[in-house]
Amino acid sequence: MKEGILLCGHGSRRKAAITSFKKLVTILQERYQDDYEVDYGFLEFNHPTYEAAVERMYLSGIRKIYALPVILFAGSHAKNDIPYELNTIQGYHEDLTIQMGKHIGVNSFLLDLAVKRIEEALAPLPEISRKETCLVVVGRGTTDPDANSDVCKLTSMLWEGMGFGFATTAYSGTAYPMVDESLQMVEKLGFKRTVVIPFFFFTGVLLERIYGHVSDRNAQSAQEFIYTAPFGTDELLLKAFDERLEEAKTGTAYMNCQLCKYRKQVVGFEQDYGKEQVGHHLNVKGILFEEDEKPGQNSTSLGSKIKKVLGI
C-alpha cells in the first residue's frame, strides 16, 4: 500500500507566497511519486487545512503519513501547533498513523544553500574584500530562544566559513534585534558593504518588509546594503527534505530538546516550562475561503470566481 507525505505549510496572505509553496509541492510530488502520495496543508489563512489534506489522503487509501514541516526553525509552530494538529487528526481514525518529521533546522544543505544565495547576490557587483563586508542573517524570530539560537549558529558558521569582517543576526519579528534596528547598528561599524540574507523559503509579507528595510537603508547610507533571494525550491533544499523524510521513516527525527523552554527551565522563560501543547491558529484556519487550486491545475471553481470578484 502506498504511503503518504503531508507537507505542512504555515500559510500566507500573499498569493505569491502560496504560489511558490505550491511549486515546491509539485516538485516534491514528482520527486516522490513512485513511492508516496504527496499532499499539503496550512496552519492558517489558506486551504486545505491539515485536517482536509489528511482526510483526502485517507479516503484514497493512505494509512501511514509522514508529515514534513516546511519550516526552517523549531519555534512554537514546529514544537506545539503542528504536533497538536496532527495528534488531533490522527485520533479521528484508529487505523491511521502519522509520523512527524523534523523541521529543516541547522544542516549542511541549508548552510550550502545560504552560501549559494550570498555568492549569487555578490556576483554582479564590484569586488570588495570580504573583510570589508558585513553579513546580516535574518530569521523569522520566535518567543523560543532555542529556535533563535539556531539562526545565530548558522550566522557564526557563515561568518567564519566565508571570511566576513563581521556578522550578526536579526529577526523579522518577535525577537530582538529587529531588522531595521540591526541595520542601523551595523551602519555605525563602517563596513563598505552589508549583505542581508533572509532565511525564508518564499516571498511573503515578512520578506517584503525585510527587503523594504534594506532598500531604505541603502538609499539613506553612504555604504552599500544588498539582500539575497529567498531559498525557493533549490535542489539543496530538496535534499534537506529527503533527509528529513528518511529520518521520519526510520524514527530518528528527534526534536532538539536540550535547551527547549518547554522542557527545561531556561533563564528568562521559566514561566513556559511544562506548558501544555496546544495550537493557537484556530481563529485563522482556512480564513481565506476554500483552496484556490491544486498544484499544477487552474482553478475554475465557483468559490475561486467569487474570490476574484471580491478581490481577495
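Quick summary incoming for the structure in this document. (Residues numbered from 1 in each chain as written. Predicted model: local features only at pLDDT ≥ 70, side-chain atom pairs only at ≥ 80, totals over all residues. Heavy atoms only, no water.)

## Details of the pattern of salt bridges
Next up, step 1: For the structure on display, the rule yields 14 salt bridges.
Next up, step 2: One salt bridge in this structure joins Arg31 and Glu235, with 2.9 Å as the shortest N-O distance. Note that Arg31 is positioned in helix α1 (residues 15-32) and Glu235 in helix α8 (residues 235-250), a separation of 204 residues in sequence.
Next up, step 3: Put simply, Lys192 and Glu132 hold a salt bridge, and the shortest N to O gap is 3.1 Å. Of the two residues, Lys192 is situated in the loop between α6 (179-187) and β7 (193-198) and Glu132 in the loop between α4 (108-122) and β5 (133-139); the sequence distance between them amounts to 60 residues. (Salt bridge = Lys/Arg side-chain N within 4 Å of Asp/Glu carboxyl O. Helix = DSSP H or I, 4+ residues; strand = E, 2+ residues; numbered from the N terminus.)

## Some words on unusual backbone geometry
Next up, step 1: The omega angle of the peptide bond from His47 to Pro48 is 0°, so this bond is cis rather than trans.
Next up, step 2: Take Pro48: it is sitting in the loop between β2 (36-42) and α2 (50-59).
Next up, step 3: Here the phi dihedral of Phe45 falls at roughly 75°; this positive angle occurs in a residue that is not glycine.
Next up, step 4: For Phe45, the position within the fold is in the loop between β2 and α2.
Next up, step 5: Phe45 gets classed as buried once you look at its relative accessible area, which sits at 15%.
Next up, step 6: Its identity is not glycine, yet Thr174 carries a phi of approximately 75°, on the positive side.
Next up, step 7: Among the secondary structure elements, Thr174 is positioned in the loop between β6 (166-171) and α6. (Buried < 20%, exposed > 50% of the residue type's maximum accessible area, 1.4 Å probe, protein only.)

## Comments concerning the sheet that holds strand β4 (residues 97-100)
Next up, step 1: Read from one edge of the open sheet, 4 strands run β2-β1-β3-β4, paired in parallel fashion. Only two strands of the sheet have a single partner each, and these edge strands are β2 and β4. Adjacent strand axes in the sheet meet at a mean angle of 25°, parallel and antiparallel pairs treated alike.
Next up, step 2: Contacts from α1 reach β1 (3-9) and β2 within the one sheet, and its direction differs from that of β2 by about 165°. (Pairing = 2+ DSSP bridges. Axes fitted to C-alpha atoms, helices over the stretch in contact; angles between N-to-C directions. Contact = heavy atoms within 4.5 Å.)

## Overview of the environment of Leu110
Next up, step 1: With respect to the helices and strands, the residue Leu110 is situated in helix α4.
Next up, step 2: Overall, the relative accessible area of 1% leaves Leu110 in the buried class.
Next up, step 3: In this structure, the C-alpha to C-alpha distance between Leu110 and Lys239, residues 129 residues apart in sequence, is 9.4 Å.
Next up, step 4: If we skip the residues at most four places from it in the chain, Leu110 touches Leu72, Phe73, Ile104, Gly105, Leu154, Phe199 and Phe231.

## Some thoughts on the sheet that holds β7
Next up, step 1: The strand order across the open sheet formed by 4 strands is β6-β5-β7-β8, and the pairing between neighbours is parallel. Two strands lie at the open edges of the sheet, namely β6 and β8 (224-227), each paired on one side alone. Each adjacent strand pair in this sheet contributes to an overall mean axis angle of 20°, direction not counted.
Next up, step 2: Two elements, β5 and β7, share 6 bridges in a ladder whose sense is parallel. In the sheet register, Val137 faces β7, and the bridge partner there is Ile197.
Next up, step 3: Here α4 sits on the sheet and contacts β5, β7 and β8; the angle it forms with β7, its principal contact strand, is near 135°.
Next up, step 4: In the packing of helix α7 (residues 205-220) onto the sheet, the strands contacted are β5, β7 and β8, and the crossing angle to β8 comes to about 160°.

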